[in-house]
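Results of the structural survey
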Amino acid sequence: MAERMLADTNVLIRFLTGEPPALAQRARALVASADAGDVDLVVLPLIVAETVYTLESYYKMNAPIIVAKLTAFLQSRGVVAEDENLVLEALKRHGSKNIHFADAYLAACAVERSMPVVSFDRDFSKFDDIRWIEPKGR
């Protein structure tokens, strides 16, 4: 049985960007070990959120590229995305509606759980499949 390891954001960043080269090579070797069945890389939703944020803010990648890269990575052999369906749906929403990943994840959760979202953020109005409630004063 393959050893399960929790992957940190920096491993994903090095693998996805190729920077710096020495660390990227080590990240690629780890992903190759996962692909070979030697290890399972477990990726938590929080790590996906931090990865998206870092790729957008520091590496200046645009959302469609991030979504494509992360979706392919998370569906790779040996990579286990916790709450995979929610994370993939959130990535899709993030890329299509130009909203923060955390809001896209919350919207995906709202649909899955049949619950409304309460928020001051008007970005939730971009989704036809959720009920958004803006808190009102008395």
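As a starting point, this report considers the structure included with it. None of the values given here were measured: they were computed from a predicted structure. (Residues numbered from 1 in each chain as written. Predicted model: local features only at pLDDT ≥ 70, side-chain atom pairs only at ≥ 80, totals over all residues. Heavy atoms only, no water.)

Regarding the packing of aromatic side chains
Two aromatic rings, taken as a pair, are described by how far apart their centres are and by the angle between their planes. What counts, and what does not: Note on ring pairs: Phe, Tyr and Trp rings are taken, using the six-membered ring of Trp, and paired if centres are within 6.5 Å. Classes follow the plane angle, with under 30 degrees stacked, over 60 edge-to-face and the rest tilted. Numbering of helices and strands runs from the N terminus; a helix is a DSSP stretch of H or I covering at least four residues, while a strand is a stretch of E covering at least two.
Tallying each qualifying case throughout the model produces 3 aromatic pairs. Arranged with centres 5.4 Å apart and planes meeting at 45°, the rings of F15 and F73 form a pair that is tilted. Placement of F15 in helix α1 (residues 9–17) and of F73 in helix α4 (residues 63–74) is noted, with a sequence separation of 58 residues between them.

Digging into the side chain of T51
Operational definition: The criterion used for residue contact is that any of the two residues' heavy atoms lie within 4.5 Å.
Summarising the element assignment, T51 is placed in helix α3 (residues 45–57). Contact partners of T51, with chain neighbours within four places excluded, come to T9, L12, I13, L16 and L70.

Looking at α3
Inclusion rule: A helix is expected to reach a length of 1.5 Å times the quantity of its residues less one. With a 1.4 Å probe rolled over the protein chains alone, any residue whose accessible area is under 20% of its type maximum counts as buried; one over 50% counts as exposed, and the rest are partly exposed. The arc refers to the directions leading from the helix axis to the C-beta atoms.
Look at α3: 18 Å from first C-alpha to last across 13 residues, which is about the 18 Å you get at 1.5 Å a residue. Taken as a whole, α3 has its buried residues at P45, I47, V48, T51, V52 and L55. Looking straight down α3, one finds that the buried residues subtend no more than 155° of arc, so they occupy a single side. For α3, the exposed residues set more than 90 degrees away from the buried face come down to L46 and Y53.

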